[in-house]
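Geometric and topological summary
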Amino acid sequence: MTRHGLHRITRFRSAPRRKAIAIGVVGGSVVAGIVATMMPLLASDDLSIRAAADTTATAVSQDGDNAAKATLATCATRCDGNPRGGREAVIEFAVTTVPATAVNVRATLRVHAWQQFGATVTAHASPLSAREARPAPAPAGPALDSVTGVSKGFNEWDISKLVTGNGTWTVALAQSGLESRIYWASVENRNPDLRPSLVISYDIGTRPSPVTTTRSAPPPSAAPTTAAPKPSATIAPSRTATPSPSGTLPDGRCGSVSDKLVPSCGAWWGMYSPAGAGGGWDHGKAVTDVEAQVGRKFDIVHRYHDFSNAGSNGAFPDVYELQQMREGRLMFFAWESRDFSAGTTLKWSEIYSGRQDATIDAVAGRIRAAGVPVFMGFDHEPEDEPAKGGDADFVRAWRYVYERFAKAGATNAVWVWTMMGWSGHYSRYAGLYPGDRYVDWVAYDPYNFHVCNGSTVWKSPSTTVGGFYDWLDASGIGAGKPRMLAEFGTNFNSADLGAKQRWFQDFPAALKAHPKIKAAIYFNSPGMTSRTATCDMTMNHDAAAVAGFAKAGQDPYLRQPTGGSR
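Rules behind the numbers
- Residues numbered from 1 in each chain as written.
- Predicted model: local features only at pLDDT ≥ 70, side-chain atom pairs only at ≥ 80, totals over all residues.
- Heavy atoms only, no water.
- Helix = DSSP H or I, 4+ residues; strand = E, 2+ residues; numbered from the N terminus.
- Buried < 20%, exposed > 50% of the residue type's maximum accessible area, 1.4 Å probe, protein only.
- Areas by Shrake-Rupley, 256 points an atom, 1.4 Å probe, with all protein chains shown as cover.
- Expected span 1.5 Å × (residues − 1).
- Disulfide = S-S within 2.5 Å.
- Salt bridge = Lys/Arg side-chain N within 4 Å of Asp/Glu carboxyl O.
- Lys, Arg positive; Asp, Glu negative; His and termini not counted.
- Polar contact = N/O pair within 3.5 Å; in protein donor to acceptor, adjacent residues only side chain to side chain.
- Contact = heavy atoms within 4.5 Å.
- Pairing = 2+ DSSP bridges.
- Axes fitted to C-alpha atoms, helices over the stretch in contact; angles between N-to-C directions.
- Right-handed = clockwise from strand over helix to strand, strands pointing away.
- Core = buried A, V, L, I, M, F, W, Y, C linked by side-chain atoms within 4.5 Å.
- Phe/Tyr/Trp six-rings, centres within 6.5 Å; stacked < 30°, edge-to-face > 60°.
- Parallel < 35°, antiparallel > 145°, perpendicular 65-115°, else oblique.
- Nonpolar A, V, L, I, M, F, W, Y, C, P; charged D, E, K, R; others polar.
- pLDDT = per-residue confidence, 0-100.

Within the chain, the regular secondary structure consists of 10 helices and 22 strands. Looking at the chain as a whole, 59% of its 566 residues qualify as buried. When the accessible surface of the chain is totalled, it reaches about 20,300 Å², and 53% of it is carbon and sulfur.

Our focus in this paragraph is helix H5 (residues 357-370). Counted at 1.5 Å a residue, the expected span for H5 with its 14 residues is 20 Å, and the 20 Å between its end C-alpha atoms agrees. Taken together, the buried positions of H5 are Asp357, Thr359, Ile360, Val363, Ala364, Gly365, Ile367 and Ala370. At the C-terminal side of H5, glycine 371 shows a positive phi close to 80°.

Bringing the state of the cysteines into the picture now. Counted under the stated rule, the structure contains two disulfides. Two residues, cysteine 75 and cysteine 79, share a disulfide whose sulfurs are 2.0 Å apart. Given an S-S torsion of about 100°, the disulfide between cysteine 75 and cysteine 79 has right-handed geometry. Judged by its relative accessible area of 4%, cysteine 75 falls in the buried class. The class of cysteine 79 is buried, set by a relative accessible area of 2%. The disulfide partner of cysteine 452 is cysteine 535, and the gap between their sulfur atoms is 2.0 Å. One disulfide, between cysteine 452 and cysteine 535, carries an S-S torsion of 110° and so falls in the right-handed class.

Let us look at the pattern of salt bridges. By the definition in use, this model includes 25 salt bridges. Glutamate 350 is the salt-bridge partner of arginine 355, the closest N and O atoms lying 3.8 Å from each other. For arginine 355, a relative accessible area of 63% puts it in the exposed group. Judged by relative accessible area, glutamate 350 falls into the buried class, the value being 15%. A salt bridge links aspartate 536 to arginine 531, with the shortest nitrogen-to-oxygen separation between them at 3.1 Å. Here the residues in one salt-bridge network are Glu336, Arg338, Asp379, Glu385 and Lys388, joined through shared partners.

This part covers the side chain of aspartate 54. Mapped onto the elements of the fold, aspartate 54 is located in strand S2 (residues 53-58). An unpaired buried charge is present at aspartate 54: no salt bridge exists, and arginine 195, the closest side chain of opposite charge, is 8.4 Å distant. Among the polar contacts made by the side chain of aspartate 54, one reaches the main-chain amide nitrogen of valine 187 at a distance of 2.9 Å. If near-sequence neighbours (up to four positions away) are discounted, aspartate 54 is found in contact with Asn66, Ala67, Leu72, Val90, Ile91, Ala130, Ser186, Val187, Glu188 and Pro196.

For the rest of this paragraph, the subject is the sheet that holds strand S9 (residues 167-176). Reading across the sheet, the five strands line up as S2-S4-S9-S6-S7 and stay open at both edges, with antiparallel pairing between neighbours. Edge positions in the open sheet fall to S2 and strand S7 (143-150), since each of these has one partner strand only. Mean inter-strand twist for the sheet, computed between neighbouring axes without regard to direction, equals 20°.

With that settled, consider the pairing of strand S12 (residues 268-272). Note on strand geometry: in a regular strand, side chains alternate between the two faces of the sheet. In terms of burial, S12 is largely enclosed, as five of its five residues are buried. Residues Trp268, Gly270 and Tyr272 point to one face of S12 and Trp269 and Met271 to the other, with burial holding for every one of them. Across five bridges, S12 lies against strand S22 (residues 517-523) in parallel orientation. Across the sheet, the residue bridging to glycine 270 is isoleucine 521, located in S22. Bridge count for S12 against strand S13 (residues 300-305) is two bridges, and the pairing is parallel. When the sheet's bridge partners are listed, glycine 270 is paired in S13 with isoleucine 300. Running through helix H1 (residues 283-294), the crossover from S12 to the neighbouring parallel element S13 is right-handed.

With that out of the way, let us pick up the nonpolar core. Counting residues in hydrophobic clusters, the biggest one holds 73 residues, and the most contacted among them are Ile367, Met376, Phe378, Phe405, Trp417 and Tyr429. A total of seven residues in this core trace back to one element, the largest contributor, which is helix H6 (residues 391-407). Counting residues in each nonpolar core, the second largest holds 36 residues, with Val95, Leu109, Val121 and Trp184 among its members.

With that out of the way, let us pick up the packing of aromatic side chains. In the structure shown here, the tally under the stated rule is 41 aromatic pairs. With a centroid separation of 6.0 Å and an interplanar angle of 55°, the aromatic rings of phenylalanine 332 and phenylalanine 375 are classed as tilted. Note that phenylalanine 332 is positioned in strand S14 (residues 330-335) and phenylalanine 375 in strand S17 (residues 374-378), a separation of 43 residues in sequence. On the accessibility criterion, phenylalanine 332 (0% relative accessible area) is buried.

Geometrically, a packed helix pair is captured by the angle between its two axes and the distance between the axes. Where helix H8 (residues 461-475) contacts helix H9 (residues 499-512), the two axes come as close as 8 Å, and the packing angle between them is 40°. With respect to H9, the element H8 is oriented oblique. For the pair H8 and H9, contact is made by Pro461, Ser462, Thr464 and Val465 and by Trp503, Asp506, Phe507 and Ala510, respectively. Residues of the contact of H8 with H9, tallied by class, amount to five nonpolar, two polar and one charged.

The next thing to look at is the environment of valine 416. Note on placement: valine 416 falls in strand S18 (residues 413-419). Taking the relative accessible area as the measure of exposure, valine 416 reaches 1% and is therefore buried. Contact partners of valine 416, with chain neighbours within four places excluded, come to Phe332, Phe375, Met376, Gly377, Phe378, Trp398, Trp441, Ala443 and Met484.

Attention shifts here to the confidence of the model for the chain. Model confidence for the chain is summarised by a mean pLDDT of 83, while 82% of its residues fall at 70 or above. Contacts of residues 1-45 to residues separated by more than four positions or lying in other chains number 324 contacts, the stretch itself having pLDDT below 50. Residue range residues 206-252 is modelled with pLDDT below 50. Its contacts to residues more than four positions away, or to other chains, number 135 contacts.

On to unusual backbone geometry. Cis rather than trans, the peptide bond between phenylalanine 316 and proline 317 has omega equal to 0°. Relative to the elements of secondary structure, proline 317 occurs in the loop between helix H2 (311-314) and helix H3 (319-326). Positive phi, normally seen in glycine, also occurs at aspartate 80, with a value near 50°.

Written out as structure tokens, the structure is:
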């Protein structure tokens, strides 16, 4: 059975996914970049920090070495009939990546329970060591927050009064109202997704104003069944690009664009808008309908394609994309090593072994024939593709595709390396980077999921895009490269229905505060998560959200004077 219009495979993640600094059993960092075409907003991300150590404090000697167990325990002072059987879960976090300019630091402790309980569990600052086998209970420090009624799954406590920035922070969970033990997942639990974590978000107090730098997929479909625009023999975009000698950043004159599609001022504004069966799989109308809603043409159109080399899924640029280029839009082709219609996935070894050369060469030939610069990505978010091979396999496959494009003369491809930008993968990003020679832009995908991923944290635009941005600065990966939000998005807030509109209106300011981001692309797909009464990541789910997004798109920072009727 053929599936149509799925831009790419999407997976719902219950854990914080992007822009969270995850300090897994000690610390983390984030990777990413943003630019030219894919995802739009970014700021300072949440840090999802795994515990450095934990244990259960108790006077019950039979407990043994609690610091090495896969579970923590809490219990009231009188526990299971023992008048001195009380237990407290003691958890230590090492926070190292909060910027010195961070303000309004918010810290949320998340600990997993396997069952519901009618108990109250209070988080306290603790003087105990989480590294001891079985520390004796000590007088509790100041109460920070309480959970009344333990939920199955992750429970959250606001411990912002304790965690104010970098440092080593220890918190204890004390139980009341139930005289039997509650078990929680510890750092030794074999499922890393269940281990205790600390989610930190913050705003940036002061940051340099933008400066001009001068340094050097929709599901598979066969051929469209509806009438599509006819491609002309040549493409004559209305944008005039002024190449810079370096091939990276332009010369600083507003209105100029480098040969690698970097605007000299401001940032490109882009959109991923999937086509569907109801619209006849018309990928052109899917974009122009949204443009009509927001009152402007997008600079970048983002599409996902596969390795089928057939139909609109694999034989790209297709007629819709050729038409969009003729009308002055930039294309961003996210090329995935899979077959959307067949539901199959290629291994990266199949790419660099030469087994896909015919497909690679055919696509390279069509890109070359387009005659204008286009954004090109290979296997967006590879850190989330374990079935395709290891990190070194990805790098080898990326370089192989790059070299075949060069050999075919497709030098108009501008290569965008796109990562999730999640702190839990910081340690992998250096090993996933193909090298400066093979990458033109660095991109990442930040989101304000809010309750869509089980959290209650509402992140500002600056927080959303800032985490990985700052990590890139610190890591040096892709130094000097323009950055792109290949995808970005936000949920709405059911407790504050105007929050999404304000989030969009504040987005241009977040980009200006992160001037290396030269492109932001909204991922306008309901398939990013699932639509519920409290979760909808689409830009146009209500009139207020559309109004906020439209206002953002009118900001001069996002209206490039480079042609087109924007």
